[in-house]
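Breakdown of the fold
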Amino acid sequence: MTLEILAVQGIPEVVTGDSLADLIVTHAPALLDGDVLVVTSKVVSKAEGRIVDIDRELAIDAETVRVVARRGDTRIVATRHGFVMAAAGVDASNVTKGEVVVLPVDADASARRIRDGVRSLTGVNVGVVISDTFGRPWRVGVTDAAVGFAGLQAFEDLRGTVDPYGNELQVTLTCTVDELAAAADLVKGKLNGVPVAIVRGLAVVLPAESVDTQGISQVVRPIDDDLFSLGTRDVLRARVDAAGFTGEPVDADRVTRALQAASLAAHPSGWQALRFTVLPATDFASMPAFADADVLATAATVIVPHLGVEPTARDLLAAGAAIENVLVALAIEQLGSQWVWPSPTGPDGLPDYQLGLIAVGKPAV
């Protein structure tokens, strides 16, 4: 296989309203069927008017859905697209001082417009990848990755195939669009003023008449599958009281893992061990009204922490530490919680020495 990566030189400063397809066709060498155009997200954002005249930190706040980790002024966050990246992709370089560029609203749609535009102008069938720069866990340095694409399959799925030694591959799912983005950046660079590159020689472009069945959301790892959804320094910040829940059921295994964290809490010798009873939230539907009844109404599960006999001050202090561990562990499991104090007349069968109720569920956004 021979692979070529060609820089598209001479594209002028992009402004709001520019047609990137026109600019690419005008300045690129003759395009061929099967070429992949890798376009830097910044020029897509500029063409789509995604330049904002506000403080960079405020722009990061606006683009952030969830803080994953922070150190000093650096924030690693999840964006509304699901990307986990530094500063939510907000960029203050190569724009007028005081302005910042934010990511395209829908980079898949942006890629489709470029692809359709190029085909309309030239009759050539190309694939398009919109790229941006990402840091990488456990490795120093940055590389480009896809934030949107069109006319391509996201992955080369080798699972179930057999290697030359007769071993069946179990987990090999190569992210083709990310590899294309990284390869193209070798010629685009960060300071060369080259926002577009052509990757030629890789047979990955879908037929012109085919409909895109994948998008960048398939590349983003679901948070339920993310083993590193929180930075180690940000676990405590993730533990906040949920104002309400979606009412959806939660995975019982996650609740069990969170409860196991209680045993790791500091406690004095000879204290009365804390116990937990887990009940469906529906058991509390008929409770008399009290301050936090609305929280229980939307929770999926209720945890009742309790002691066997009337507690001493030492028991209460140790129990509080254990409950806090459970609340933090629930946050790590991506479950919302709120520790509430019920009315004296709860459902039948609750322990005598209960220490409030912990409402658990998927937090409402």
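Conventions we followed
- Residues numbered from 1 in each chain as written.
- Predicted model: local features only at pLDDT ≥ 70, side-chain atom pairs only at ≥ 80, totals over all residues.
- Heavy atoms only, no water.
- Pairing = 2+ DSSP bridges.
- Helix = DSSP H or I, 4+ residues; strand = E, 2+ residues; numbered from the N terminus.
- Axes fitted to C-alpha atoms, helices over the stretch in contact; angles between N-to-C directions.
- Buried < 20%, exposed > 50% of the residue type's maximum accessible area, 1.4 Å probe, protein only.
- Polar contact = N/O pair within 3.5 Å; in protein donor to acceptor, adjacent residues only side chain to side chain.
- Contact = heavy atoms within 4.5 Å.

Taken in spatial order, the three strands line up as β4-β5-β6 in an open sheet, and their pairing is antiparallel. Strand pairing shows two members of the sheet lacking a second neighbour, β4 (64–71) and β6 (84–86), which therefore form its edges. Ignoring strand direction, the axes of neighbouring strands in this sheet form an average angle of 30°.

Attention now moves to the side chain of K46. Mapped onto the fold, K46 is located in helix α2 (residues 41–47). For K46, a relative accessible area of 6% gives the class buried. Within polar-contact distance, the side chain of K46 engages the backbone oxygen of N94 at 2.8 Å. Those residues in contact with K46, other than ones at most four positions away along the chain, are E13, V14, V15, T16, I51, N94 and V95.

Moving on to the pairing of strand β17 (residues 357–361). Most of β17 is tucked away, with five of its five residues classed as buried. Because side chains alternate across β17, one face comprises the buried residues L357, A359 and G361, and the other comprises I358 and V360, equally buried. In terms of strand pairing, strand β14 (residues 301–307) meets β17 through three bridges, oriented antiparallel. Residue pairing for β17: I303 is matched across the bridge by I358. Bridge count for strand β15 (residues 336–340) against β17 is five bridges, and the pairing is antiparallel. Its bridge partner being in β17, S337 is matched across the sheet by V360.

Another aspect to go through is the sheet that holds strand β1 (residues 4–7). The mixed open sheet is built from five strands, whose spatial order is β1-β12-β2-β8-β9. Single-partner strands in this sheet number two, and they are β1 and β9 (139–150). Direction aside, the axes of adjacent strands within the sheet are offset by 30° on average. Across four bridges, strand β2 (residues 36–40) lies against strand β12 (residues 196–200) in antiparallel orientation. Across the sheet, the residue bridging to V38 is A197, located in β12. Of the strands in this sheet, β2, β8 (127–136) and β9 touch helix α4 (residues 107–122), which is tilted by about 60° from β9. Sheet strands in contact with helix α5 (residues 176–188) are β1, β2, β8, β9 and β12, and its direction is about 115° off that of β9.

Everything listed is a geometric property; what it means functionally is a separate question.
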